[in-house]
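The lines below spell out each chain.
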Amino acid sequence: MIRNYLTSIWRYVARNRAFTIINILGLVIGMTAFILIAQFVLHEFSYDKFWGNSKSVYRVHLDRYDKGELATQWASGAAGIGLDLKTNFPEVKQYVRMRQTNALLAYGDTYFREEHVYFTSQHFFDVFGYSLTAGVDSTALKDPNKIVLSQSLATKYFGNENPIGKTIRGNGRYDLEVTGVYADLPATSHMQVDAMISFITYVKLVGMNNESELNQWQWDGFLTYILLNDNASAAELEAKLPAYVEKREGEELKQYNAAMVFSLMPITNIHLDSDFIGEFKANGNRDSVYFLLIVAGLILVIAWINYINLSTAKSIERAREVGVRKVMGSVRGQLIQQFLVESLLLNSLAVLAAIGFVMVLTPWFSQVAGREIGYQLFQQPMFWGWMALLIAGGALLSGLYPAFVLSAFKPVEVLKGRFKNTHQGVVFRKGMVVLQFMASIALIVGTYTVYNQIEFMRNQKLGVNINQTLVMRSPNITDSTYSSKFEVFKTTLQQYPEVAAVTASSFIPGASPDWNAGGIRRLSQREDEQKQYRVIMMDHDFIKSYGLEMVTGRAFSGDVPKEYENVILNESAAKHMGFEKPDLAIDDQIFFWGDTFRIVGVVKNYRQQSLKEEFEPLIFRYNKTPGGYYSIKFNTAEVHQSISKFEAHWKEFFPGNPFNYFFLDDHYNKQYKADQQFGKVFGLFSALAIFIACLGLFGLSSLTALQRTKEIGVRKVLGASVPSILTLVSRDYLVLMGLSIVLATPLTWWIMNNWLLEFANRISLAWWIFALPSLMVILVALLTVSLHTWRAARTNPATALRYE
C-alpha cells in the first residue's frame, strides 16, 4: 500500500514540478526561519543554566525611592545587604559580593588594562557551583592579595606556564598571587569576568580590617548573590525584607523621606529581565524574544497555509484521479491516508532541507543577531523530538484539510466533468489568504516601526558634540607628579594643528554615570528634602570641548581660585532641586558629601545616554585632573598618523600604562546596538514572511488564471480589454488585501504601542506608518497576481476556448 502511495506521489510530483517546487520552497523557507528563530530563542532562555546551583542562586536588586518616586534601580546595590541576609535569615546558606575594578595587571614585561576584573568574596565558587580547573575552590579567594584567572587570561599572561603561585602586579601598587584558574565563562552567562581578586583585598585598600566592617546600606555599587537552602522559598524570603528594612534603616529613611526596596531575581532570569545600574554587560529583552517567537510562529503558519491553499486549489486537477481510484474500489479512508502520506513526505523533505540550510546559515545569523548561537541545539535529543513533532504536526495541519476535501469528491460527477470548487472551499481559501496577509502586514508594519524608532533616536540632536573625538582611559599607574604630567601632556597635544581640544572627565557621553550621590540638597532646604543626583567630575575644558550650551551662569575656569568649591547643574538637576527658573540657581549653595558648594552655572540638558532614557539630573564638579577619561577633539584625514603621535606622547608621560583608545561616536552608538540587532532580525524574518505569502499567492493566482482560462476567452470574444480583465481578476484579491489591512491595523497598533512604551523618547504611530507598508504589500500582491492574469488575458481567445 505504502509503495503504491509513493508511486502515486512520485507521478504527481513529476507532472506538477512547478507547483511542487512552490509548495516545498514555501515550507523550506518557513521551517528554516522557524528553526533559526527557535535556536535564538532557546539560546536566550539558556542563560546561566550551566551553573551547578543555578536553581538556588538569586541576585539581590535594590530600588531607591525619593519622596515616594523611584529614583534608581540597582543591579549592584548596597554594600552590606549580603552579610545582613546571611546573618539574619536562616533561608540564606551563603552569599557573594562583587565590585568591579578597572585593573592594570602586569607580569614581567607583559601588561594589559583589563576591564572585566572584580573584587570577589571567597565563597563565589561554592555558591555558584562552579569549580576551579586549578586551585582550591574554598580558599582561592580567602586571603588578601589573591587572584584567580580565567583560562584565557592565564594563557594571555603566562602562556603554557603553570600560573599557580606566580605573582601579578595590580595597578602598580600591590602584588597578587595567582591561586586559581577557572574555565572561561560561556557566552550564555550574564557575567563577564576575566579575573577575580579576593574581596578582602578591596577591604584593606579602603582602610578596613575585615569584611564584616563593610556593612553600609548607603554605599552602592556592589553585586550581591545569595544561595538559598534547599527547602527555602525565595518569595517568602522576599516578603520578609520590607520589615527588616524598616527595622534596620526605618528611622533614617523616614528622616530623609526615602525608601529602599530589595528584591530577589533568579540568576536564570537576569539576562532577559534585568536592565539596571551596574550590570556586567548589556542584557537581552524578554519582550523582544517573545516578539521573535511570534514571528517564527506566523512564518510557519503562513507556510502551512500556502500548502493548504495550493493543495485545495489544485483539487480540480486531482479530481479525476480521485474519481478513478474510487471506481477502482478505494474507500475514503485510503484516500485520506494517501494524501496524508503525501503531506508527511513533503513536510519531511522540507524539514530536512531546512536543517541543512540552518547548518549553513547559523554562523551568518549569529553575526546578525549578535549572539554566539552555535550548533548546541542539534546536540540535544529534545531538538530532534521537536523536529519529529514539527513534521507530524505540519503534516496533519497542512494535510488534513486537503485530504478530507479531495477524498470527498463524488466519482460520478467528477468523471462526467461536472465537478467544480465548492463555495465553502473558496471561502476557506480566501480566509487563509486574509490570515496570511494579516500576518504579513503586521510584520512589515512592526519592522517599519522599529526602523523608524531607531532612526529617530540616532538622528535627534544630542546637545553634545560626540564627533571626531578620540577617547582614552586615564592611566592606572600614577605618582605624585601625575597632575603636572597631565598638564604637560595636554599642552603638548594641543600644539598639533589637527587637535582642537583635550579634556579630562570622570565619565563621557554614552553611559549613565555610576557616581550616584544621595543626601544632596540646597542649603536652605530641610534634611528630608535631600535627593539623589548623578555626579560627573570634569576639568575646565570639558564644557567647551563637547559643545555644551550654558543656559545661565558660567562654565568652569582654570583661573578661578578654589574652583573646586563650585558646581554646575544641568537643567534637569536645577528643576529637581526646586528652582523654578535656571537663573534662580546661580550663587545658591548646596550641601553635598559633607561640604558646601556654590552653583555657578546651569548647562542645557544634553543626552548623556541614549534617547531611551529621560534627562537625568546631573551635577558637575571641578577637578583639574579627574580620573576616568581623556577626550581628544581632532580633525584630520591622517587619523592613524595622529594616533601614532598621541601614543608616542602617552608612553613618554605615562610609561607602564597601555595605550587603549576608542572613538566616542562608536561608543555612544553601542547603546542602540541591541535595538538595531533586533530590528535587523525582525526585518529579515518579516521580509521572509511576505515572500512566502507572495509565493503562495503566486501559485494560487496561477491556478486561478488556469481555472478561469475559458471565462477569460469568452470575455475577450465579447470585447473585454486586457486592462478590464486584469481589473476583474485583481479585484477579488484587492478586497482580500483591504480586509487584511482593516483587521491587522488595530492589532499591530496595540502591539507596537506597547513596545514603544519602553522608550522615554519615541515616535508617534502616525497613519503613514500603517499606510506605507500596507500599500507596499498591496503592490507586491497585485504584481504577483497580475503576472499570470496578464499572460492569460493575452492568450488568443480561440486557444482559450479550446481549453478543457
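Cut-offs used in this document
Residues numbered from 1 in each chain as written. Predicted model: local features only at pLDDT ≥ 70, side-chain atom pairs only at ≥ 80, totals over all residues. Heavy atoms only, no water. Salt bridge = Lys/Arg side-chain N within 4 Å of Asp/Glu carboxyl O. Helix = DSSP H or I, 4+ residues; strand = E, 2+ residues; numbered from the N terminus. Buried < 20%, exposed > 50% of the residue type's maximum accessible area, 1.4 Å probe, protein only. Expected span 1.5 Å × (residues − 1). Arc of directions from axis to C-beta. Contact = heavy atoms within 4.5 Å. Patch = residues over 30% accessible without salt bridge, like charges linked within 9 Å, V, L, I, M, F, W, Y side chains within 5 Å. Areas by Shrake-Rupley, 256 points an atom, 1.4 Å probe, with all protein chains shown as cover. Pairing = 2+ DSSP bridges.

J.: Report on the pattern of salt bridges, specifying residues and quantitative values.
T.: The full count for this structure, using the stated rule, is 22 salt bridges. Between glutamate 115 and arginine 473 there is a salt bridge whose closest N-O contact spans 3.5 Å. Taken together, the residues span a long stretch of sequence, with glutamate 115 in strand E5 (residues 110-120) and arginine 473 in strand E13 (residues 469-473) at a distance of 358 residues. Judged by its relative accessible area of 17%, arginine 473 falls in the buried class. Among the ionic pairs, arginine 286 bridges to aspartate 273, the shortest N-O distance being 2.7 Å. One end of the pair, arginine 286, is in helix H9 (residues 286-313); the other, aspartate 273, is in helix H8 (residues 270-273), and 13 residues separate them in sequence. Judged by its relative accessible area of 31%, aspartate 273 falls in the partly exposed class. One network of salt bridges, with partners in common, ties together Asp84, Arg248 and Glu249.

J.: Which residues make up unusual backbone geometry, and what are the values?
T.: Phi at asparagine 145 takes a positive value of approximately 60 degrees, unusual for a residue other than glycine. With respect to the helices and strands, the residue asparagine 145 is situated in the loop between strand E6 (134-135) and strand E7 (146-150). Given a relative accessible area of 29%, asparagine 145 falls into the partly exposed group. Phi at lysine 562 takes a positive value of approximately 55 degrees, unusual for a residue other than glycine. Its place among the elements puts lysine 562 in the loop between strand E17 (550-553) and strand E18 (566-570).

J.: Go over helix H15 (residues 482-494), please, and point to the residues and values.
T.: For H15, built from 13 residues, the straight-helix expectation of 18 Å at 1.5 Å per residue is met to within 8% by its first-to-last C-alpha distance of 18 Å. Within the span of H15, buried status applies to Tyr482, Phe486, Phe489, Lys490, Thr492 and Leu493. Projected down its long axis, H15 carries its buried residues within an arc of 160 degrees, all on one side. The secondary structure elements touched by the buried residues of H15 are E13, strand E14 (499-505), strand E22 (629-634) and helix H18 (639-653).

J.: Go over a nonpolar patch on the surface, please, and point to the residues and values.
T.: Judged by side-chain polarity, Ile21, Leu25 and Phe691 come together as a nonpolar surface patch covering roughly 280 Å² of accessible area. One can find isoleucine 21 in helix H2 (residues 17-45). Owing to a relative accessible area of 56%, isoleucine 21 belongs among the exposed residues under this scheme.

J.: Explain the pairing of strand E19 (residues 589-592) residue by residue, including any values.
T.: The alternating pattern of E19 places Ile590 and Phe592 on a buried face and Gln589 and Phe591 on a face that is not buried. Connecting E19 to the next strand, strand E20 (residues 595-603), in antiparallel fashion are two residues, including tryptophan 593 with a positive phi near 55 degrees.

J.: Describe the side chain of threonine 362, with residues and values.
T.: Structurally, the position occupied by threonine 362 is in helix H11 (residues 332-369). Among the residues examined, threonine 362 registers a relative accessible area of 2% and is labelled buried. Setting aside anything within four residues of it in sequence, one finds threonine 362 in contact with Leu36, Gln39, Gly374 and Tyr375.

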